[in-house]
Amino acid sequence: MPTPPTNAASAPDAKPPTRPASSARARLAAHLRPTLKFLTVGGVVFLFDAAMYNLLVFWHPTQGWGTGLMHGHPLTAKVLTIATASVLTYLGNRLWTFSDRPRPSTARSVALFVLVNIIASGLQLGCLGFSRYVLGLDSALADNISGTFIGQIVSTTFRYITYGRWVFPKR
């Protein structure tokens, strides 16, 4: 006896076929929220880092804007601002961006965070150092383009990939 053809509409418990677009949308939705949070934390800390760097390197307390107290030591100034910004970044990402993830061992999480940030800082300092010492550019515009914008893009991309994978893993 032949089996009658089945019709999805006639079967009350039949599920509609899964469409690849819906799974792609689900993956996008799963990554969109943490990405936007990560970029928000990064944006706020970026503004802080840029402001502090410019104050240290291009503002003098008695002479105003031009050559600041750390103008001759831009990499040292950048290390100071990156270190401070990194603490703020850790808190923002641990408490907000990746708050839904299990809290790993604090010592492990902090150690991985420090290691990732040392590498990311090296990337950012490399951009600034190349501009300053290879190209000979030492203006506020050159420092902000190389160390703040380009360096931040490179280091933030590295941080986003490594934070989600190793510092704040889903488990």
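Residues numbered from 1 in each chain as written. Predicted model: local features only at pLDDT ≥ 70, side-chain atom pairs only at ≥ 80, totals over all residues. Heavy atoms only, no water.

**Some points on the environment of V167**
Defined as follows: Under the DSSP-based scheme used, a helix requires at least four consecutive residues in state H or I and a strand at least two consecutive residues in state E, with every element numbered from the N terminus. To sort residues, take the accessible area from a 1.4 Å probe on protein chains only and compare it with the maximum for the residue type: under 20% means buried, over 50% means exposed, and anything in between is partly exposed.
As for its placement among the helices and strands, V167 is situated in helix α4 (residues 140-167). Residue classification places V167 among the buried positions, given a relative accessible area of 0%.

**Regarding the nonpolar core**
Counted only if it meets this: Working definition of a nonpolar core: buried Ala, Val, Leu, Ile, Met, Phe, Trp, Tyr and Cys residues. They are joined through side-chain atoms within 4.5 Å. Here, two residues are considered to be in contact whenever any of their heavy atoms come within 4.5 Å of each other.
Judged by nonpolar contacts, F38, Y90, F98, F113, V116, Y163, V167 and F168 together constitute the single largest core of eight residues. If near-sequence neighbours (up to four positions away) are discounted, F113 is found in contact with S86, T89, Y90, Y163 and V167.

**Some remarks on a nonpolar patch on the surface**
What counts here: Patches draw on residues past 30% relative accessible area with no salt bridge. Two like charges within 9 Å are joined, as are two nonpolar side chains (Val, Leu, Ile, Met, Phe, Trp, Tyr) within 5 Å. Surface accessibility in these figures is a Shrake-Rupley result with a 1.4 Å probe; residues are shielded only by whichever protein chains are displayed. Salt bridges are identified by distance alone: a Lys or Arg side-chain nitrogen within 4 Å of an Asp or Glu carboxyl oxygen.
Taken together, the side chains of L115, I119, L123, L141, I145, F149, I150 and V154 define a hydrophobic patch exposed on the protein surface, amounting to about 700 Å² of accessible area. Residue assignment for the nonpolar patch shows that the elements contributing at least two residues are α3 (106-134) and α4. Looking at which element gives the most residues to the nonpolar patch, the answer is α4, with five residues. Within the element layout of this structure, L123 appears in helix α3. On the basis of relative accessible area, L123 is assigned to the partly exposed category, the value being 33%.

**Considering the packing of aromatic side chains**
Note the following rule: In summary, the pairing rule links any two rings of Phe, Tyr or Trp, Trp by its six-membered ring, whose centres are within 6.5 Å, and it sorts them by plane angle into stacked for under 30 degrees, edge-to-face for over 60 and tilted for everything else.
Enumeration over the complete set of coordinates arrives at four aromatic pairs. With a centroid separation of 5.6 Å and an interplanar angle of 45°, the aromatic rings of F46 and F149 are classed as tilted. You can see F46 sitting in helix α1 (residues 20-58) and its partner F149 sitting in helix α4, a full 103 residues away along the chain. Take F46: its relative accessible area is 18%, and that puts it in the buried class. With a relative accessible area of 45%, F149 lands in the partly exposed category.

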